Amino acid sequence: MSDEFYVRYYVGHMGRFGHEFLEFEFRPDGKLRYANNSNYKNDSMIRKEVYVSKTVMNELKRIVEESEIMKEDDKLWPLADKVGRQELEIVYGDEHISFTTSKLGSLIDVQESEDPEGMRVFYYLIQDLKCFVFSLISSHFKIKPI
Amino acid sequence: MADTYELDLEPGADDFAEDEMMLDDDTTKIKSHATKRKGRGFNDHEDRDEFTKEKFDTVEADTAGNAQKSVEGWVIIVTGIHKEASEDVVEEKFADFGDIQNITLNVDRRTGYIKGYALLEFKSYQEAKEAIDECDNTELLGQTIHCDFAFVKGNDSSIKSRGSRQSRRGRDRSKSPRRR
């Protein structure tokens, strides 16, 4: 049961510089994979992977659990559009969510949406997850991941 | 999960595809166990090729025990940190075990308080190990903290190191099932 846990996040868009995106996932065995493809100035894609310990996975689980994201639903959230797309997929025990929405510029987008409470949960969770992943990747690889 | 492994007589070329397959099985399995599904992503799925198609970089550094060395040192994670803790408080707790090369103490984006975890980097394995052994399950500002290495040897790290190829899993190997 404790291994039934998976998290994936994607944010990206098709634009002037092609498909630019950031994506990461934590697999049940602790494999963290991170990719950041910014074609601006012909930057090449950053692709990193590392196994994280059980304690790291448990901390991730705590962050997800405390956010209460599994109680939310994306049905009223803005649809992905030309500006961009976000995807959040989490498997937690017997629950599996796969949410998609547009890029959210700021809290104003959240407040003006049809489900401000749910979107706020999503908005802050994404920030906390990104922060967690960037810290892990940068401490292991000594790169600035963004 | 596939619990049998193919004996690879020509290491190299197809290692990645094989790893991918085993891992995919793992993730696919837990997804299939889920009984409650929610979200538009189930009907509106983007092609993930660009993420999965190429190899990911890893740090080819030392390992010790189950721990994996990072580019510059050994990183430990501390969890259960009090929300009002500061970098100084955390640093003081771990200063006895060696020079802390780096400390990351992130805040909760909603509340502005400490999120509850820290990453600390030590120069040597010994220092990091001692810090973990001495501080795991101890108190900091009245809360029990947990300490562990942040990065570990993975399931497939033995596949990468040529020397241990033969000893990968101490049981019979047979052909792993092909993906349908």
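Scoring rules and cut-offs
- Residues numbered from 1 in each chain as written.
- Chains lettered and ligands numbered in written order.
- Predicted model: local features only at pLDDT ≥ 70, side-chain atom pairs only at ≥ 80, totals over all residues.
- Heavy atoms only, no water.
- Helix = DSSP H or I, 4+ residues; strand = E, 2+ residues; numbered from the N terminus.
- Buried < 20%, exposed > 50% of the residue type's maximum accessible area, 1.4 Å probe, protein only.
- Contact = heavy atoms within 4.5 Å.
- Axes fitted to C-alpha atoms, helices over the stretch in contact; angles between N-to-C directions.
- Parallel < 35°, antiparallel > 145°, perpendicular 65-115°, else oblique.
- Left-handed = near helix turned anticlockwise from the far one by under 90°.
- Core = buried A, V, L, I, M, F, W, Y, C linked by side-chain atoms within 4.5 Å.
- UniProt positions renumbered as here; feature names shortened; annotations may be inferred.
- Pairing = 2+ DSSP bridges.
- Buried area = accessible area lost by both parts, 1.4 Å probe.
- Salt bridge = Lys/Arg side-chain N within 4 Å of Asp/Glu carboxyl O.
- Nonpolar A, V, L, I, M, F, W, Y, C, P; charged D, E, K, R; others polar.

## As for the overall build of chain B
Inference 1: Looking only at helices and strands, chain B has five helices and eight strands in total.
Inference 2: For chain B, the succession of helices and strands along the chain, N to C, is α-β-α-β-β-β-α-β-β-α-β-β-α.
Inference 3: A burial count over chain B gives 41% of its 180 residues as buried.
Inference 4: Pairs at least 24 apart in sequence give 65% of the contacts found in chain B among residues at least 6 apart.

## So, the packing of helix α1 (residues 54-67) of chain A against helix α3 (residues 116-141) of chain A
Any two packed helices are characterised by the angle at which their axes cross and by the distance between the axes.
Residue and element names in this part refer to chain A.
Inference 1: Where α1 meets α3, the closest approach of the two axes is 10 Å, and the angle between their N-to-C directions is 165 degrees. Between α1 and α3, the crossing angle belongs to the class labelled roughly antiparallel. Considering only the axes of α1 and α3, their crossing is right-handed. Residues Val56, Glu59, Leu60, Ile63, Val64 and Ser67 of α1 touch α3, and the partners they reach there are Val121, Leu125, Asp128, Leu129, Phe132 and Leu136.

## Structural notes on the nonpolar core
Inference 1: Membership of the largest hydrophobic core comes to 46 residues, with the highest contact counts inside it found for Phe26(A), Ile69(A) and Ile90(A).
Inference 2: Sequence-distant contacts of Phe26(A), that is, excluding residues within four places in its chain, are made with Phe5(A), Tyr6(A), Val7(A), Lys31(A), Leu32(A), Val52(A), Met57(A), Leu60(A), Phe132(A), Val133(A) and Leu136(A).
Inference 3: One finds Phe94(B), Phe97(B), Leu120(B) and Leu140(B) within the second-largest nonpolar core, a separate group that totals 26 residues.

## Some thoughts on the UniProt feature "domain: RRM" (unreviewed entry) in chain B
Inference 1: The feature "domain: RRM" (unreviewed entry), as annotated in UniProt, sits at residues 74-152 of chain B in this numbering.
Inference 2: Overall, residues 74-152 of chain B shows 24% helix and 42% strand. The separation of its end C-alpha atoms is 10 Å.

## Focus on the sheet that holds strand β5 (residues 85-92) of chain A
Inference 1: Across the sheet, seven strands lie side by side as β4(A)-β3(A)-β2(A)-β1(A)-β5(A)-β6(A)-β1(B); this open sheet has mixed pairing. Looking at the sheet topology across the chains shown, the edges are occupied by β4 (46-51) of chain A together with β1 (36-38) of chain B. Going across the sheet, the axis of each strand differs from the next one's by a mean of 10 degrees, ignoring polarity.
Inference 2: For β5(A) and strand β6 (residues 95-101) of chain A, the ladder comprises seven bridges, and the chain directions are antiparallel. Its bridge partner lying in β6(A), Glu89(A) is registered against Ser98(A).
Inference 3: With respect to the sheet, α1(A) is in contact with β1 (5-15), β2 (18-26) and β5 of chain A, its orientation differing from that of β1(A) by roughly 70 degrees.

## Structural notes on the interface of chain B and chain A
Accessible area lost on assembly of the parts is the figure often given for the size of an interface.
Inference 1: Counting from both sides, the interface comprises 61 residues of chain B and, opposite them, 64 residues of chain A.
Inference 2: Carbon and sulfur atoms make up 53% of the surface buried where chain B meets chain A, a total of about 5500 Å² over both sides.
Inference 3: Among the residues of chain B in contact with chain A, Lys38(B), Arg40(B) and Phe51(B) are the three that bury the most area, contributing 15% of the side total.
Inference 4: Summed over the shared surface of chain B and chain A, the result is seven salt bridges.
Inference 5: Across the salt bridge formed by Lys115(B) and Asp128(A), the nearest N and O atoms sit 2.9 Å from each other.
Inference 6: Broken down by secondary-structure element, the contributors of at least two residues to the side of chain B that touches chain A are α1 (15-33), β1, α2 (49-52), β4 (74-79), β5 (100-107), β6 (114-122) and β8 (143-149) of chain B.
Inference 7: Split into classes, the residues belonging to the side of chain B that touches chain A amount to 17 nonpolar, 17 polar and 27 charged.
Inference 8: In the sheet, β6(A) pairs with β1(B) via three bridges, with the strands oriented parallel. Paired with Glu95(A) across the strands is Lys36(B), a residue of β1(B).

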